[in-house]
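Structural characterization, general
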Amino acid sequence: MHVKEAIDLLKSKGYRITPQRIAILKVLENNKEHPSAEDIFLQVRKYSTFISFASIYNILDILEKEGLIKSIFGIDGIKHYDPDTSCHAHFFCKKCGRLLDLKDNFIELSRFKESLSRYDVESVEVIVTGICPDCKKEL
């Protein structure tokens, strides 16, 4: 997701472009960390000190509704946000709590989604759990 493209899309849908929305878009742009709303709140405070948690959640809901981000419930029970809306799996590390993208072709999720063509499939979610390579080195 690029900020300029996201702003153009939001404008075309009739949304006002506020400093808070721009700040959230900047935090999410090319973000690979899958931040939670709290993480986003803390980062947005660097751009805009005037923002509430309610605003964060409302803006994230709009961005998700318009297809600019997707939400993922981690095994930690926390909702995380991903600006990469392509079909891909995630890995949740039970030791460090990170949620990582799995882009390798170990599973053809897009082809799996296509195989369900008789259904009205909105998304396919795969979350693999275990210990990430960084944490595995520490063992």
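This text goes with the structure placed above it.
Residue numbers restart at each chain and count upward from 1, following the sequence in its written direction. Note on the predicted model: pLDDT of at least 70 is required for a residue's local features to be given, and 80 or more for side-chain atom pairs to be given and counted; whole-chain, interface and lining totals, by contrast, use all residues. Think of the side-chain values as coming from all heavy atoms in the structure, minus any hydrogens and water.

1. Some details on the environment of histidine 2
We count a stretch as a helix when DSSP gives it H or I for four or more residues in a row; a strand needs E for two or more, and each element gets its number in order from the N terminus. Here histidine 2 shows up in the segment before helix 1 (3–12). The buried label applies to any residue whose accessible area, calculated with a 1.4 Å probe on protein chains only, is under 20% of its type's maximum; exposed applies above 50%, and partly exposed to all values in between. In this structure histidine 2 comes out as partly exposed when scored by relative accessible area, which is 41%. C-alpha separation for the pair histidine 2 and isoleucine 72, spaced 70 residues apart in sequence, amounts to 20 Å. The residues contacting histidine 2, other than those within four sequence positions of it, are Glu29 and Asn30. Contacts between residues were defined by any pair of non-hydrogen atoms, one from each residue, lying within 4.5 Å.

2. Describing helix 2 (residues 19–28)
The element helix 2 is extensively covered by neighbouring structure, given that 7 of its 10 residues are classed as buried. Burial in helix 2 covers these residues: Gln20, Arg21, Ala23, Ile24, Leu25, Val27 and Leu28. Buried residues belonging to helix 2 abut helix 1, helix 3 (37–44) and helix 4 (53–65). Of the residues flanking the end of helix 2, it is asparagine 30, one or two places downstream, whose phi is positive at about 55°.

3. Section: the nonpolar core
Nonpolar core, defined: a set of buried Ala, Val, Leu, Ile, Met, Phe, Trp, Tyr and Cys residues in which side-chain atoms within 4.5 Å join the residues together. If you look at the biggest cluster of nonpolar residues, it comprises 24 residues, and the most contacted ones within it are Ile24, Ile40, Ile56, Leu60 and Leu63. Elements supplying a minimum of two residues to this core: helix 1, helix 2, helix 3 and helix 4. Once you skip the residues sitting within four places of it in the chain, isoleucine 24 turns out to touch Ile40, Val44, Ile51, Ile56, Ile59, Leu60 and Leu63.

4. Here's the deal with unusual backbone geometry
Positive phi, normally seen in glycine, also occurs at asparagine 30, with a value near 55°. Backbone geometry places histidine 34, a non-glycine residue, at a positive phi of 55°.

5. Concerning the pattern of salt bridges
Counted as salt bridges are all cases of a side-chain nitrogen of Lys or Arg within 4 Å of a carboxyl oxygen of Asp or Glu. Per the stated rule, a full pass over the model turns up 4 salt bridges. For lysine 95, the salt bridge goes to glutamate 138, with nearest N and O atoms at 3.3 Å. Here lysine 95 is found in the loop between strand 3 (89–93) and strand 4 (99–102), whereas its partner glutamate 138 is found in helix 6 (residues 133–138), with 43 residues between them in sequence. Among the ionic pairs, arginine 98 bridges to aspartate 134, the shortest N-O distance being 3.0 Å. Remark: aspartate 134 occurs in helix 6 and arginine 98 occurs in the loop between strand 3 and strand 4; sequence separation between them is 36 residues.

6. With respect to the pairing of strand 1 (residues 70–73)
A regular strand carries its side chains on alternate faces of the sheet. Whether two strands pair depends on DSSP finding at least two bridges between them. The pairing of strand 1 with strand 2 (residues 79–82) spans 4 bridges and is classified as antiparallel. Note that in strand 2 the partner of lysine 70 across the bridge is aspartate 82. Here strand 1 folds back onto strand 2 in antiparallel fashion, the turn holding 5 residues, of which glycine 77 has a positive phi close to 85°.

7. As for the side chain of histidine 80
Relative to the helices and strands, histidine 80 resides in strand 2. Taking relative accessible area as the criterion, histidine 80 reaches 7% and is therefore assigned buried. Within polar-contact distance, the side chain of histidine 80 engages the backbone oxygen of histidine 34 at 2.8 Å. In this structure histidine 80 touches His34, Pro35, Ser36, Lys70, Ser71, Ile72, Gly74 and Leu99, once residues within four positions along its chain are discounted. Think of a polar contact as two N or O atoms within 3.5 Å of one another; within protein, one of them needs to be a possible hydrogen donor and the other a possible acceptor, and neighboring residues in sequence only count if both atoms come from side chains.

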